[in-house]
Amino acid sequence: MASKGLQGVVIGQTKLADIDGDAGELIYVGYDIDDLAHHVSFEEVCFLLWNGRLPKQAELTELQRQLGSQRALRPEMLELLRAFPRDADPMAALRTAVSALGLYDSDADDISDEALRRKSIFLTAQVPTLVATFHRLRSGAEPLPPRPELGTAADFLYLLNGEEASATRVKTMDAALVLHAEHGMNASTFSARVTAGTKSDLYSAITSAIGTLKGPLHGGANVEVMHMLREIDESGVSPREWVLRTLDEGGRVMGFGHRVYRAVDPRAKMLREMADEVMRESGDAHWLELSDQIRAVMDEEMQKRGKKIYPNVDFFSASVYTTLGIPMDLFSAVFAIARVSGWTAHLLEQYANNRLIRPESEYIGPRGLTVEPIAQR
């Protein structure tokens, strides 16, 4: 019996992440996501995913140095970004740029462990710069040079907005990157592993992942949440009225429910906490207040209807990213900034114990047909 969307099919083993959808739990290499988001940096999570353990101070310092030293774009990449249409989809721009990076790596086809680890660090360093640089160019501003002394979150916000972010904003951005770094065998991770399974190069595999994440059913969900918030805000009706009408008409309230989680998405709880801090500092909690009103109505209605549907990570990330000054159409690209660490970690696993990924399909078409001469068709 075929499984639609491979639901329930185990396609491999991993030591990187585990999700208990019924309990609402997510772990990276044995560590609960709540513990990580509260106590370690994104760079520490990168090290954890790539090495199977948290770094010692000297190891973290060295990784921070390597990431900082590799953020700057080569002139050819900058010229490529300048040539992109200003109205290009940022995910399409990122997909094309990452693919182009492989052209300038003389060892692009080297899939030895040493080469893969070097390229994992390189791509994790380059992707934030690519996203921020494309945004500045399309906005008519000149790109800024990265600041190697800053962490990934702080440097990205600086490159994007043109000013150094506050400690609260950096902390929020960093925790968001931690929360999005890895999530098991999701669609983009699977597509990356399928590409790597053919022994294609790392750049091709990450390009596959970005192309998959670009889809609105995967990385674009938080964009739909922000569209919803703005629609409600501009509609002139109360959040309660809007939600009830949408549910009665069989529509979907964006940001609720998840393919895996049957309980509260643990990442959503963390983002809600961060939203409080960053919006208190900004002095504008409008989007968070609107989100809370929608959540309250949904909780009430789901209880009445005997359903269990909870907020997912996209529900609060939309308002958090907006408060951080990130344009709505960059939300998926920010997702990619974090997830490249998880993708590359999965690829290290795939290449180390590789087998071509080739599932079967169930044929349901006709049989026994015979060819008629073309004049009689």
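Note that the structure is a prediction, hence the values are computed from the model and not measured.

Enquirer: Lay out the side chain of Arg193 in plain terms, naming residues and giving numbers.
Expert: With respect to the helices and strands, Arg193 occurs in helix H9 (residues 187–197). Residues within four places of Arg193 in sequence aside, it is in contact with Gln13, Thr14, Met185, His346, Leu347, Glu349, Gln350 and Ile357.

Enquirer: Any details on empty space enclosed by the protein? Residues and values, ideally.
Expert: Considering all chains together, one arrives at one cavity of 30 Å³ or more under this definition. Counted as a void, the largest cavity has a volume near 40 Å³. Lining of the largest cavity is provided by Leu81, Pro90, Ala93, Leu94, Leu130, Val131, Phe134 and Ala333. At the level of secondary structure, the elements contributing two or more residues to the lining of the largest cavity comprise helix H5 (90–101) and helix H6 (113–138). Looking at side-chain class alone, the lining of the largest cavity contains eight nonpolar, no polar and no charged residues.

Enquirer: Outline the pairing of strand E1 (residues 17–20), supporting the account with residue identities and numerical values.
Expert: In this sheet, strand E2 (residues 25–28) lies alongside E1 in antiparallel orientation, the contact comprising four bridges. Residue pairing in the sheet places Asp20 in a bridge with Glu25 of E2. Here E1 folds back onto E2 in antiparallel fashion, the turn holding four residues, of which Gly24 has a positive phi close to 70°.

Enquirer: Got a sec to walk through the side chain of Thr323? Specific residues and values, please.
Expert: For Thr323, the position within the fold is in helix H15 (residues 313–323). Not counting residues up to four positions away in its chain, the partners in contact with Thr323 are Arg169, Val278, Met279 and Ser282.

Enquirer: Let's hear about the sheet that holds E2: which residues, and what values?
Expert: Taken in spatial order, the three strands make up an open sheet running E1-E2-E3, and their pairing is antiparallel. The open sheet has two edge strands with one neighbour each: E1 and strand E3 (31–32). Both E2 and E3 contribute to a ladder of two bridges, which runs antiparallel. Directly across from Ile27, in E3, lies its bridge partner Asp32.

Enquirer: Account for the packing of helix H2 (residues 42–51) against helix H8 (residues 167–180), with residues named and values stated.
Expert: It is the contact of H2 with H8, at a shortest axis distance of 8 Å, that shows an interaxial angle of 20°. Classified by the angle between their axes, H2 and H8 sit roughly parallel to one another. The element H2 and its partner H8 pack so that their crossing is left-handed. Of H8, the residues touching H2 (which contributes Phe42, Glu43 and Val45) are Asp174, Leu177 and Val178.

Enquirer: Explain helix H12 (residues 239–248) to me, using residue names and the numbers behind them.
Expert: Three or more residues of H12 are buried, namely Pro239, Trp242, Val243, Thr246 and Leu247. Down the axis of H12, the buried side of the element spans an arc of 125°, and every buried residue falls inside it. Looking at the residues trailing H12, positive phi occurs at Gly250, about 80°.

Enquirer: So what's going on with the packing of aromatic side chains? Which residues, and what values?
Expert: Each aromatic ring pair is characterised by the separation of its centres together with the angle its planes make. Enumeration according to the criterion identifies four aromatic pairs in this entry. Aromatic ring contacts, followed pair by pair, group Phe256, Phe315 and Phe316 into a single cluster. Looking at Arg147, its charged tip hangs above the ring of Tyr158, at a distance of 5.1 Å from the centre.

Enquirer: Explain the nonpolar core to me, and be specific about the residues and the numbers.
Expert: Tyr28, Phe156, Met173, Met228, Ile294 and Ile326 are the most contacted members of the largest nonpolar core, which totals 113 residues. Among the elements that take part in this core, helix H16 (residues 331–352) stands out by supplying 13 residues, more than any other. With residues up to four places along the chain from it excluded, the contact list for Phe156 reads Pro128, Val131, Ala132, Met173, Ile326, Val334 and Ile337.

Enquirer: Describe the pattern of salt bridges, listing the residues and the values that go with them.
Expert: A complete count under the given rule lists 23 salt bridges for this structure. Residue Arg74 is joined to Glu76 by a salt bridge in which the shortest nitrogen-to-oxygen separation is 2.9 Å. With relative accessibility at 35%, the residue Glu76 sits in the partly exposed group. In the salt-bridge network here, residues are joined through shared partners; they are Arg240, Asp248, Glu300, Glu301, Lys304 and Arg305.

Enquirer: So, H2: which residues are in play, and what are the values?
Expert: Burial of H2 is extensive: nine of the 10 residues sit out of reach of the surface. Within the span of H2, buried status applies to Phe42, Glu43, Glu44, Val45, Cys46, Phe47, Leu48, Leu49 and Trp50. Downstream of H2 by a residue or two, Gly52 has a phi angle that is positive, lying close to 80°.

About the criteria used
Residues numbered from 1 in each chain as written. Predicted model: local features only at pLDDT ≥ 70, side-chain atom pairs only at ≥ 80, totals over all residues. Heavy atoms only, no water. Helix = DSSP H or I, 4+ residues; strand = E, 2+ residues; numbered from the N terminus. Contact = heavy atoms within 4.5 Å. 1 Å grid on protein atoms, 1.4 Å probe; cavity = no way out; pocket = protein on both sides within 12 Å on 5 of 7 lines; lining within 4 Å. Points joined across faces, edges and corners; volume = space filled by probe spheres on them. Nonpolar A, V, L, I, M, F, W, Y, C, P; charged D, E, K, R; others polar. Pairing = 2+ DSSP bridges. Axes fitted to C-alpha atoms, helices over the stretch in contact; angles between N-to-C directions. Parallel < 35°, antiparallel > 145°, perpendicular 65-115°, else oblique. Left-handed = near helix turned anticlockwise from the far one by under 90°. Buried < 20%, exposed > 50% of the residue type's maximum accessible area, 1.4 Å probe, protein only. Arc of directions from axis to C-beta. Phe/Tyr/Trp six-rings, centres within 6.5 Å; stacked < 30°, edge-to-face > 60°. Lys NZ or Arg CZ within 6 Å of the ring centre and 35° of its normal. Core = buried A, V, L, I, M, F, W, Y, C linked by side-chain atoms within 4.5 Å. Salt bridge = Lys/Arg side-chain N within 4 Å of Asp/Glu carboxyl O.

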